[in-house]
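Per-entry structural report
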Amino acid sequence: MRRGLSAVNLCALALGLAFLYLPILVVIALSFNESRLVSVWGGFSLRWYGAVWQNEALLAAVWVSLRVAAFSATIALVLGTLAGLVLARAAQFRGRTMLAGLVYVPLVMPEVVTGLALLLLFVALEWERGALTITLAHATLSLGFVAVLVQSRMLSFDRALEEAALDLGATPFGAFFQVTLPAIWPAILSGWLLAFTLSLDDLVIASFTSGPGATTLPMRLYGQVRLGVSPEINVISTLLIGLAALALLVASLAQKLVRARTEAGAPMRD
Amino acid sequence: MAGAPRTPFSRPGLVALLPFLWLVLFVLVPLAIVFKISLAESVLARPPYTPLFEWSGEGWPQLRASFANYTLLIEDDVYRRSLWGSLRIAALGTLAALAIGLPLAYAMSRAPRRMQGTLLLAVMLPFWTAFLIRIYAWMVLLRNEGLVNLALRALGITDVPLAMLGTEGAVVLGIAYAYLPFMVLPIYASLERQDPAVLEAAADLGAPPAAAFWSVTVPLARPGILAGCLLVFLPALGEVVIPDLLGGSGTLMLGRTIWTEFFQNRDWPMAGALTILLLVVLGGPLLWLQRQQARLLAQAER
């Protein structure tokens, strides 16, 4: 059968992609607008980019967000990997169903529920709220994503390789660190990246679990966006979009590299 | 597990303990506290709710649970309208996402093989840009001086700007936009597996392309369509940011009402009761989705 695209399909594709990209492209274009009135084109200018660089409250929020994202993604990486390994490997143990269920709960719960629940916990424990409590909340949210990624990677990992290492005299820990861990490393890394992105993007959970001292970038941005459209937000948006595109590019290049290397060594079945 | 090699992770014990304890402390206990506080009464204090147990110093502590918040859920108009608004707006947003996503997913599955990976990436890419920014972009487009109104005026369709921002329609559009990848990916996955021969058979038997699409392709893609709809509908039910930024003050949804009760009215017990309501509403479809997935897995194993 011909795999070319009919006119109707081409139309669907063009309209769908236009719907996805036009709003973003409009914001990017308007970020270079000289005029303060967002919809009136006043000529090309980088004026608002300079203004953003002067906005210290914003830069402070960026710093808080990056720190929270890095720490929470790292906690999620450790706990999520452990959970994923156990769920993939240990067939039956007491509490397996409960662990499997608990890992999924933060994935499917609305952010407003997770946020409120965690805030009430922190109040009950009388923990002071701030960057630390946001980090704990984000780690809880993301560890499920890491666990799911690691678990599915483990299921496609050929156990015979581990058995071979053991037969050749490796200790169980040696076999794990020298054979298994390198093979599931891509899943762990993409889990970390996903956790980092989720944390950077989260507004609702951070708003609930934050205290007076800690304002993340989405929280600061939300405060400004609620007041309406402004050239400065257009610039911040463009910078964030550019950053996300760059990160995706790096991630896909890294994935290609890893794939080329694993194909040379071929420890995966899929 | 007889005969399996003993690696560190074939015996759960200590390894499972750490994530397990973390999840109990940060998932299970907080949900129990939400339920507990939903049974309390709001007071002007720190923390702003009454204790569940009261102990006067002698004898047993007294349980002071009150279902007043739950009766209020039924009686108060605002909460009823929030629940109905959540269901209605999430359903309309899901339909809109389906209307855009189904043709898009179909066209993607018909595209030449070597293009499909790129198209998939193109659909996923906006999902990686900040959520707030994607909603903000619609504020830029839909406001009175926004580009859509400018275009409509330039074309002579209207003289006065149409009020689009701050309406329920804008929220529906925002939901369809924000969650479109969740709709497209499962539908594409189920379409891509279809054997083109069934469509050829339909054509040979005299079905015009449109009839073949509706009577062959769509029924075969049903699992993907259902999964996509739920993946849009469920997060949309608890949405806070989209109704707040694109909706008007009258656009009530459960998530937004929880937010208002908590941050503006400082009524923590009521926010707790609303949260329990949201979880109950989500519970049914979630269980159904899980059963569906288990059935698909069982089919795949056979």
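These remarks concern the structure in this document. (Residues numbered from 1 in each chain as written. Chains lettered and ligands numbered in written order. Predicted model: local features only at pLDDT ≥ 70, side-chain atom pairs only at ≥ 80, totals over all residues. Heavy atoms only, no water.)

1. Quick look at the pattern of salt bridges
All names here are of chain B.
- Taken as a whole and judged by the stated rule, the model has eight salt bridges over all chains.
- Of the charged contacts, one joins Asp77 and Arg81 as a salt bridge, the two residues approaching to 3.7 Å between their closest N and O atoms. Here the residue Asp77 and the residue Arg81 both occupy positions in helix α3 (residues 77–110), the gap between them amounting to four residues, near one helical turn.
- According to the relative accessible area criterion, Asp77 is partly exposed, its value standing at 38%.
- With a relative accessible area of 41%, Arg81 lands in the partly exposed category.
- Here Arg113 and Glu192 are joined by a salt bridge, their closest N and O atoms 3.4 Å apart. You can see Arg113 sitting in helix α4 (residues 113–128) and its partner Glu192 sitting in helix α7 (residues 168–192), a full 79 residues away along the chain.
- Residue Glu192 is classed as partly exposed on the basis of its relative accessible area of 32%. (Salt bridge = Lys/Arg side-chain N within 4 Å of Asp/Glu carboxyl O. Helix = DSSP H or I, 4+ residues; strand = E, 2+ residues; numbered from the N terminus. Buried < 20%, exposed > 50% of the residue type's maximum accessible area, 1.4 Å probe, protein only.)

2. Some thoughts on the packing of helix α5 (residues 131–142) of chain B against helix α6 (residues 147–154) of chain B
All names here are of chain B.
- Running from N to C, α5 and α6 cross one another at 30°; their axes reach a closest spacing of 4 Å. Comparing the axis directions of α5 and α6 gives the class roughly parallel. Residues Val140, Leu141 and Leu142 of α5 touch α6, and the partners they reach there are Leu147, Val148 and Asn149.
- Among the residues making up the contact of α5 with α6, the classes are represented as five nonpolar, one polar and no charged. (Axes fitted to C-alpha atoms, helices over the stretch in contact; angles between N-to-C directions. Parallel < 35°, antiparallel > 145°, perpendicular 65-115°, else oblique. Contact = heavy atoms within 4.5 Å. Nonpolar A, V, L, I, M, F, W, Y, C, P; charged D, E, K, R; others polar.)

3. Brief notes about helix α4 (residues 96–108) of chain A
Residues and elements named next belong to chain A.
- Between its first and last C-alpha atoms α4 spans 19 Å; for 13 residues at 1.5 Å apiece the expected length is 18 Å, and the two agree.
- Regarding α4, the residues found buried are Leu99, Ala100, Leu102, Val103 and Pro106. Buried residues of α4, seen end-on, are gathered within an arc of 165° and therefore sit on one face of the element. (Expected span 1.5 Å × (residues − 1). Arc of directions from axis to C-beta.)

4. Some thoughts on empty space enclosed by the protein
- Tallied over the entire structure, the rule returns two cavities of 30 Å³ or more.
- Quantified by volume, the largest cavity comes out at close to 60 Å³.
- Around the largest cavity, the lining residues are B:Tyr106, B:Ser109, B:Arg110, B:Leu191, B:Gln194, B:Asp195, B:Pro196, B:Val198, B:Leu199 and B:Thr217.
- Only α3 and α8 (196–204) of chain B provide two or more residues apiece to the lining of the largest cavity.
- Grouping the constituent residues of the lining of the largest cavity by class yields five nonpolar, three polar and two charged.
- The calculated volume of the second largest cavity comes to roughly 40 Å³.
- Considering the residues around the second largest cavity, the lining is formed by A:Pro106, A:Met109, A:Thr114, A:Ala117, A:Leu118, A:Thr140, B:Phe26, B:Val27 and B:Pro30.
- When residues of the lining of the second largest cavity are traced back to their parent elements, those giving at least two are α5 (111–125) of chain A together with α1 (13–38) of chain B. (1 Å grid on protein atoms, 1.4 Å probe; cavity = no way out; pocket = protein on both sides within 12 Å on 5 of 7 lines; lining within 4 Å. Points joined across faces, edges and corners; volume = space filled by probe spheres on them.)

5. With respect to the side chain of B:Thr217
- Tracing the backbone shows B:Thr217 in helix α9 (residues 209–220).
- Not counting chain neighbours up to four residues away, the residues in contact with B:Thr217 comprise B:Tyr106, B:Leu191, B:Gln194, B:Leu199 and B:Ala212.

These values are about where atoms sit, not about what they do.
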